[in-house]
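# Summary of structural features
Residues per chain are reported as follows:
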Amino acid sequence: MNLKKFFATICAATLFFTTASAQAETSPQNITNADDLADAAGDSAEKFYLSLPKAKGDYKSRQRPILIEGAMNVETEILVRALKNPVTYRELNYLFVAGTYKNYPVVIVRTEQGMANAAASTALAIKKFNPVAVINQGTSGGHDPALNIGDIVIGASSFDYTAIKAPYSPAGAGTDLTFQQEMRGTYAFDAASGKFQPYKKYLADPTLLKVAEGVAAANKNFNVVKGTIGTGNAWLCNIDYINFLHETYGSSCEEMETSCVAQICQTAGVPFIGIRILSDNITVTDEYNPDTAKTAQDFVLLVVEDYIRNVLKK
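Attention in this report is confined to the structure presented alongside it. (Residues numbered from 1 in each chain as written. Predicted model: local features only at pLDDT ≥ 70, side-chain atom pairs only at ≥ 80, totals over all residues. Heavy atoms only, no water.)

Regarding helix α3 (residues 43-51), the residues found buried are Ala45, Phe48 and Tyr49. Projected down its long axis, α3 carries its buried residues within an arc of 100°, all on one side. Of the exposed residues in α3, the ones pointing more than 90 degrees away from its buried face are Asp43, Lys47, Leu50 and Ser51. The secondary structure elements touched by the buried residues of α3 are α4 (77-81), β3 (84-91), β4 (94-101) and β5 (104-110). (Buried < 20%, exposed > 50% of the residue type's maximum accessible area, 1.4 Å probe, protein only. Helix = DSSP H or I, 4+ residues; strand = E, 2+ residues; numbered from the N terminus. Arc of directions from axis to C-beta. Contact = heavy atoms within 4.5 Å.)

Structural data, given as structure tokens:
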């Protein structure tokens, strides 16, 4: 091999391995490594959050802020970096970042994963910041086989798929909870009756829903559908059970926060919507892509901008 061919071969090999490495970083990964991949995708945010100045004193704003939620770093970093003059607050170890977006006050909360964390951090945020609206967003697993990784679900409604009443069965009869189960719902305050009552599902605020649909229609680079978000402290990979939830309750996707945040917002009387992007859909593929969280945040920022311009500042 002459010297010219040798260097050409070296360059080609370098290009191949560089390209392969880049593709490995951005391509969907297997769902079995999802937790580690999500943590790794959010590593860059942690140092950034720690570098932000801490707020001095209580939160003060002439306008009620918009509260946007995400459970993990990978679901909040784009949002926090979009804020101007961000400062951090800590309540019961939950992180809140307050600043402005499009010259309007916005607070980002990292709720942490799971229903109890999401409910607790939302209640704290409502009490501390008095938001005009709450948007819970992030990644989810698909239930609808027609949806692909990267598709966005605007939650026209959400429900807790664990809030069921199962019929009696004797010992040894098996553990099929899909048999004749009834949706019991979760309890939230009803202003009309003045008491707590069960809700089998929580509806999105009509104005927020209209704004989100309008943004989707105006931005065709996002693939967006209106659907139902199922919430539970589980990561379901049983396709038969996923199909049951989809066929019985119309679930488009599943995650661990939306419905319990809707429950708290119902009790507090704060407008709410959930917006979720599919990072995986086990009914179609075993792939998982945490980078979809960035696309969800980009879409949510457009929704926030439109809500500020056409609703709050009118």
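On we go.
What follows is about the pattern of salt bridges. The final tally for this structure, using the stated rule, is ten salt bridges. In this structure, Glu46 engages Arg110 in a salt bridge whose closest nitrogen and oxygen atoms are separated by 3.2 Å. Separated by 64 residues along the polypeptide, Glu46 in helix α3 and Arg110 in strand β5 bring together distant segments of the chain. For Lys226, the salt bridge goes to Glu213, with nearest N and O atoms at 3.5 Å. With a gap of 13 residues between them, Lys226 in strand β13 (residues 224-231) and Glu213 in helix α6 (residues 206-218) connect regions that are remote in the sequence. A relative accessible area of 33% places Glu213 in the partly exposed class. (Salt bridge = Lys/Arg side-chain N within 4 Å of Asp/Glu carboxyl O.)

Each aromatic ring pair is specified by the distance between its two centres and by the angle formed by the two planes. All told, the structure shown has twelve aromatic pairs when counted by the stated rule. Taken together, a centroid distance of 5.4 Å and an interplanar angle of 45° make the contact between Phe159 and Tyr249 tilted. Linking Phe159 in strand β7 (residues 152-160) with Tyr249 in helix α7 (residues 239-249), this pair joins segments that are 90 residues apart in sequence. Of the residues examined, Phe159 reaches a relative accessible area of 4% and is grouped as buried. Taking relative accessible area as the criterion, Tyr249 reaches 22% and is therefore assigned partly exposed. (Phe/Tyr/Trp six-rings, centres within 6.5 Å; stacked < 30°, edge-to-face > 60°.)

Our focus in this paragraph is the packing of α6 against helix α9 (residues 292-312). The geometry of α6 relative to α9 is characterised by a closest axis approach of 9 Å and an angle of 120° between their N-to-C directions. Relative to α9, α6 is oriented oblique. The chirality of how α6 crosses α9 is right-handed. The segment α6 lies against α9, with Thr207, Leu208, Val211, Ala212, Val215 and Ala216 engaging Phe299, Leu302, Val303, Asp306, Tyr307 and Val311. (Axes fitted to C-alpha atoms, helices over the stretch in contact; angles between N-to-C directions. Parallel < 35°, antiparallel > 145°, perpendicular 65-115°, else oblique. Left-handed = near helix turned anticlockwise from the far one by under 90°.)

With that settled, the discussion passes to a negative patch on the surface. A cluster of like negative charges, contributed by Asp35, Asp36, Asp39 and Asp43, occupies part of the molecular surface. If one sorts the elements of the negative patch by residue count, helix α2 (residues 34-41) sits on top with three residues. Mapped onto the elements of the fold, Asp43 is located in helix α3. (Patch = residues over 30% accessible without salt bridge, like charges linked within 9 Å, V, L, I, M, F, W, Y side chains within 5 Å. Areas by Shrake-Rupley, 256 points an atom, 1.4 Å probe, with all protein chains shown as cover. Lys, Arg positive; Asp, Glu negative; His and termini not counted. Charge placed at Lys NZ, Arg CZ, Asp CG, Glu CD.)

Below, the discussion takes up the environment of Tyr202. Within the fold, Tyr202 resides in strand β12 (residues 202-203). When its relative accessible area of 4% is taken as the criterion, Tyr202 is described as buried. Between the alpha carbons of Tyr202 and Thr258 there is a distance of 9.7 Å; along the sequence they are 56 residues apart. Other than its neighbours up to four places away in sequence, Tyr202 contacts Ala156, Ser157, Ser158, Thr186, Tyr187, Ala188, Ser259, Ala262, Gln263 and Gln266. At a separation of 2.8 Å, a polar atom in the side chain of Tyr202 contacts the side chain of Thr186. (Polar contact = N/O pair within 3.5 Å; in protein donor to acceptor, adjacent residues only side chain to side chain.)

Okay, the pairing of strand β6 (residues 133-142) next. Taken residue by residue, a regular strand's side chains alternate between the two faces of the sheet. In terms of residue burial, β6 counts as a mostly covered element, since ten of its ten residues are buried. As paired elements, strand β2 (residues 66-70) and β6 share four bridges and run parallel to each other. Of the residues in β6, the one forming a bridge with Ile68 is Ile135. Relative to strand β14 (residues 251-255), β6 is paired through two bridges, and the arrangement is antiparallel. The residue bridging Gly141 from the neighbouring strand is Glu254, located in β14. (Pairing = 2+ DSSP bridges.)

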